[in-house]
There are 4 protein chains.
Amino acid sequence: MIVVMQQGCTQQQVDHVVRLVREMSLADHVIVGTERTVVAVIGDDRFKDRSMLESCAGVDRVVPILAPYKIASRQAKAESTAIGLGGSLGCVAGGKKIAVIAGPCSVEDRGMLLDVAHAVKEAGATALRGGAFKPRTSPYQFQGLGERGLEILAEAREQTGLALVTEIMSIDQVDVVCRYADVLQIGTRNMHNFNLLCAVGKTDKPILLKRGWSATLDEFLLAAEYIINAGNGKVILCERGIRTHEQYVRNTLALAIVPAVKRESHLPIVVDPSQGTGRAYMVPAMCKAAVAAGADGLLIEVHRDPEHAMTDGGQSITCETFAQLMQEIKAVAAAVGREI
Amino acid sequence: MIVVMQQGCTQQQVDHVVRLVREMSLADHVIVGTERTVVAVIGDDRFKDRSMLESCAGVDRVVPILAPYKIASRQAKAESTAIGLGGSLGCVAGGKKIAVIAGPCSVEDRGMLLDVAHAVKEAGATALRGGAFKPRTSPYQFQGLGERGLEILAEAREQTGLALVTEIMSIDQVDVVCRYADVLQIGTRNMHNFNLLCAVGKTDKPILLKRGWSATLDEFLLAAEYIINAGNGKVILCERGIRTHEQYVRNTLALAIVPAVKRESHLPIVVDPSQGTGRAYMVPAMCKAAVAAGADGLLIEVHRDPEHAMTDGGQSITCETFAQLMQEIKAVAAAVGREI
Amino acid sequence: MIVVMQQGCTQQQVDHVVRLVREMSLADHVIVGTERTVVAVIGDDRFKDRSMLESCAGVDRVVPILAPYKIASRQAKAESTAIGLGGSLGCVAGGKKIAVIAGPCSVEDRGMLLDVAHAVKEAGATALRGGAFKPRTSPYQFQGLGERGLEILAEAREQTGLALVTEIMSIDQVDVVCRYADVLQIGTRNMHNFNLLCAVGKTDKPILLKRGWSATLDEFLLAAEYIINAGNGKVILCERGIRTHEQYVRNTLALAIVPAVKRESHLPIVVDPSQGTGRAYMVPAMCKAAVAAGADGLLIEVHRDPEHAMTDGGQSITCETFAQLMQEIKAVAAAVGREI
Amino acid sequence: MIVVMQQGCTQQQVDHVVRLVREMSLADHVIVGTERTVVAVIGDDRFKDRSMLESCAGVDRVVPILAPYKIASRQAKAESTAIGLGGSLGCVAGGKKIAVIAGPCSVEDRGMLLDVAHAVKEAGATALRGGAFKPRTSPYQFQGLGERGLEILAEAREQTGLALVTEIMSIDQVDVVCRYADVLQIGTRNMHNFNLLCAVGKTDKPILLKRGWSATLDEFLLAAEYIINAGNGKVILCERGIRTHEQYVRNTLALAIVPAVKRESHLPIVVDPSQGTGRAYMVPAMCKAAVAAGADGLLIEVHRDPEHAMTDGGQSITCETFAQLMQEIKAVAAAVGREI
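None of the values given here were measured: they were computed from a predicted structure.

## A closer look at the sheet that holds strand S13 (residues 269–271) of chain C
Residue and element names in this part refer to chain C.
Then step 1. Spatially, eight strands are ordered S7-S8-S9-S10-S11-S12-S13-S14 in a closed barrel, and the strand pairing comes out parallel. Strand-to-strand, the axes of this sheet are offset by a mean angle of 25°, without reference to chain direction.
Then step 2. Sheet topology note: the strand S8 (residues 127–129)/strand S9 (residues 163–167) ladder contains three bridges and is parallel. Paired with Ala127 across the bridge in S9 is Ala163.

## Side note on the relation of the copies chain B and chain A
Then step 1. With an RMSD of 0.0 Å, the fit of chain B onto chain A corresponds to turning through 180° and sliding 0.0 Å along the axis. Here the transformation between the copies is reduced to the relation of a two-fold axis. Among all residues of chain B, the minimum C-alpha distance to the rotation axis is found for Ser214(B), at 3.1 Å.
Then step 2. Mapped onto chain A, 100% of the interface residues of chain B again fall at the interface, so both copies present the same surface.

## Observations regarding helix H11 (residues 319–335) of chain D
All names here are of chain D.
Then step 1. Its 17 residues place the ends of H11 25 Å apart at the C-alpha level, agreeing with the 24 Å of an ideal helix rising 1.5 Å per residue.
Then step 2. Within the sequence span of H11, burial applies to Phe322, Leu325, Met326, Ile329, Val332, Ala333 and Ala335.
Then step 3. Note on H11: the residue one or two positions beyond its end, Gly337, has a positive phi of about 80°.

## A few points about the confidence of the model for chain A
Then step 1. With 100% of its residues at a pLDDT of at least 70, chain A reaches an overall mean of 95.
Then step 2. Across the assembled chains, the prediction reports ipTM 0.96 with pTM 0.96.

## Here we look at the interface of chain B and chain A
Where the parts come together, the accessible area they lose is often given as the size of the interface.
Then step 1. Contact residues are listed per partner, giving 46 residues for chain B and 46 residues for chain A.
Then step 2. Counting only elements with at least two residues in the side of chain B that touches chain A, the list comes to helix H2 (51–54), helix H6 (194–201) and helix H7 (217–229) of chain B.
Then step 3. Per-element tally for the side of chain B that touches chain A: the top contributor is H7(B), with five residues.
Then step 4. Of the residues assigned to the side of chain B that touches chain A, the class counts are 18 nonpolar, 17 polar and 11 charged.

## What to know about the relation of the copies chain D and chain B
Then step 1. For the match of chain D to chain B, the screw axis carries a shift of 0.0 Å, the RMSD comes to 0.0 Å, and the turn is 180°.
Then step 2. By residue overlap, the copies meet face to face through one surface: 100% of the interface positions of chain D are interface positions in chain B.

## So, the pairing of strand S7 (residues 99–103) of chain B
Residues and elements named next belong to chain B.
Then step 1. Burial runs high along S7: five of the five residues are buried.
Then step 2. Along S7, one buried face is formed by Ala99, Ile101 and Gly103 and the opposite face, lined by Val100 and Ala102, is buried too.
Then step 3. Pairing of S7 with strand S14 (residues 297–303) involves five bridges; the strand directions are parallel. Pairing of Ile101 across the sheet is with Leu299, part of S14.
Then step 4. Pairing of S7 with strand S8 (residues 127–129), which is carried by two bridges, proceeds in the parallel orientation.

Parameters and conventions
Residues numbered from 1 in each chain as written. Chains lettered and ligands numbered in written order. Predicted model: local features only at pLDDT ≥ 70, side-chain atom pairs only at ≥ 80, totals over all residues. Pairing = 2+ DSSP bridges. Helix = DSSP H or I, 4+ residues; strand = E, 2+ residues; numbered from the N terminus. Axes fitted to C-alpha atoms, helices over the stretch in contact; angles between N-to-C directions. Least-squares fit on C-alpha atoms with pLDDT ≥ 70 in both. Contact = placed C-beta atoms within 7 Å. Expected span 1.5 Å × (residues − 1). Buried ≥ 20, exposed ≤ 12 C-beta atoms within 10 Å, placed from the backbone. pLDDT = per-residue confidence, 0-100. Nonpolar A, V, L, I, M, F, W, Y, C, P; charged D, E, K, R; others polar.

Dropping the structure here:
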């Protein structure tokens, strides 16, 4: 880190900072500029709270130099990581083939779910999404079918071979969800739920980690680091839109995070244009854009009858739209040297 | 809700929306305007997913009319709720007297904590804050002392009479934290952790609920609704800054939420200018501003030696600064008809 | 618009709102719901200040129903507008062929500009960008060559046939810029400079209108409406990133605005991934994503020697990178039924 | 500035950066850390485009150390600047006494304006606000009375002694507005209109500079620097809310900018809670909060009859509310050692 002193700070203040740096077992290097003095701190300060130096008299601010994550970084592992999602169709995130994970927002009933599973498989998807435990903003909204939903999802997997991706909301759900699911999804509201990150880090399932609504790139990769650090290196990042001032969308899909992740980390990244826009009519355009930007996969909400969906009807596309979209995505994937 | 149809929609499309509305056991009222047709939906639609209507052909958008929360609203209870925090000093949030909750970010060691507790009590605080379980962005940062931290906090309470406010991060901590704490704090990263909200809603402790980094006012009050709905009406809201483009602060403290909450809800609201700015030098000004805006309390990070704080040193003020600040806050409180 | 009354409002308050609505020569329709009363206002209220109704006792809020723009809307003109940019290479925004507008951020010297112009033409661009008048955040930064820059740009157009796109910052520059440029660019900082919008609306040049840093979609289209309303229908919208909390980019490129504009307006929309990310390494990925999302054109900063660029070196790509990128864009364009 | 090299960069890449730094007539200082090498650049780099170094191979990012503004900074002038606004009532921004600038959003008619002027004077205001030229988001909204509005404002000043603050939107209005106004207001939409900033910098009138909707603190102070650099040191900063995800307000009033400006700059700062919230009911609370936070003045929209205001009725308070508010503000001002 670099400690930037205030203009007009005293020599004692600089000496005091240097003393604190040495107390931290780090080395210092004082540079006297024409207007400002800075103290460059040498050594791995990731384990230190740099905020404390900000409280010293004469300090203007502290600038971190090292990325706060280590094992999630591209420096730690130069080659990209490919992660198999399970199922019998060879679904992988991070390879040449793009992982298409499709299905309804929630599992609502058995018939509907099986229908959609067969339809998305037919159209070329290799994984099935569907929520059994649902995080809902209001306590009055449908909260999911729980374990019954998981059973239905597992039946769909058996019938289709699709890998099964489903959300886990709480540490007390780890056992039950692991019994059924191939991939555990951590939702956007739980990206900062560190106890949950540690808990899923102790399983051997791939983790689909959604970016928090207002998470920075560093925070996103640190959440991955929590999981990897707990023992589970199979983390698939997922961009699903951020909170901004924009109101014609539910969330602003920040696709530039795809090349950013590719540069900073070895982990695969998939994109969720359904949550990422909140508007069904935008989903096809943004799926194609995500693939063109280099995403390793897509998470797409598909429903047999969006008008009667119990959750997220407004952002779900129909099975027919999905089938056509897959043709279009295939062409874009080929144009950027990928496959579906 | 109001369903706004697209310009040029067909009569069949309007009829279809009307049919769906009736399926939901709600009443409809079609208004044909000069440019747009809208379908006003009559009845309590809080339990419905309005998103499904957005997926209908011919629908432009759906506008909610009713606030999504009920029991947290001012309509449900006209008089303001005052909540005792515990301790022997009569600490209350929501009364004429402003609740001042002060202490270090984390419990680091017994001596330090007891010193700070005595100092803040001396200066006029009536509750003590201090983290035993710490949510940290990085897995490499200090994660708190756990139960040992709770023991130290409880000792401080016994010595001083201060009410004890401490964070709970996970449902498996409910029992242990309830054994020691007077007030359970839900941190900003967990405002959307619905399982945790339900779990603390089943205790009889007052809950200090911090607003999520990017939560809307509706989402904030819905999180309170989760807790109340689970059986615990003692919810104290806490504004602690939101994520914006601003970089001279860690968070943007949105004080206008104080009059907004006073209008929309009967619950008390306190303000945390330490987290809410991230810069110690701003804390005094923003404490005074919060009181002038009508806040029912303050949450202030105070440390004996911020330069050696293990967490959040950059936003902690010293015991001396706190003592002087209390004098200033007292004057502002009097100017707006409140007391410290 | 819909006037939502507060719960518990009186009949007099409703009557008062109705009276005000009629004073505005609009019709009213009162709907008494189970919890709320709303007053639906019928007629074109775009010319009214709906804010005044918000100040009435008993009113909770006012919800607009009509889009605030008219002539920029898809309703006003169902077929998409294609706008020729000039030059001799048939550059059009809004047709099947994608308009590629490339060149340096600023005109710095004649040799450099001519070199880049020939290089981008060779690679397939049909328009040249380059700033002669530069809006700079600091008064100490390079402010552009002024009219001398325009002369150099015009020379490049003569040599290459590229259409010439350049920024205009102030109404006193209209005459001089019109003498040289084919397309007048309104920069992001001036999207709300209404006097300038009206001034360029009185010229017959196509206008490339960049979205403001924090402009909503409605505000963006209203800025276009200002220009069209002043007499000039040739408005090309340009997304160039918005201000958010993200820090790994200079701006967050919000590509979902492309399908949104296609739905709401008949105007073409181009995307600027250079400004839209601020990082050269992201430009290729985001150019491909923009085309896949349906953009009608691209604005790309290209420099012979970005390390010595006087402005925006960090987001400029080299001529070699641009040539290769054009091949990749061509493949993506074909995949979505477009051409370069 | 500090140039942070990528991990694994080569010695040649470091040497190349050093060479470029020396080309810029700056000195370099290479620090080899345990994981990263950084090049500290010594000298005043405010006149350089640091972005160019970001385009070099092996460079990760460039971190500025010096604030980009100079003459607006507290370093350039340690004592706070107090600026007289004119009129005969001794209105000053930056002294012990708080400047209260009140009046309608727009000048609508002579009788109304004179009434409000007398009322706000009576209640203790020392300056009058009112727009004659109005920046409106829609071309269909009321655009102001122009010079006739200025005449009415001047008449009000003569009758009351209030200083006259009014907005200027365009360089061609400089002469006419200077003939009437005491203080020229630059609106939020024009904070980045550099030609206008230079033009008002050549007048001798105090300038009330509103912060742009999404401007950073650095950009805000650089806009002030433009004016000062052009010759006019009388710049009064004005916080008026920023664009965020919040929807219960029109803008998020970021009061922590008050202590930030006090630390970084010698210029006075006033706060506009009317624009800063957009909701009349919040204005009193936020006026008191602004004063408690240390603001040097307030800009308040007051209307005789907000329900019939042609602009901004929803955020205007009545003359009666204003009179009572002034009593409350007086008490808060006294509590923080200020006067009204």
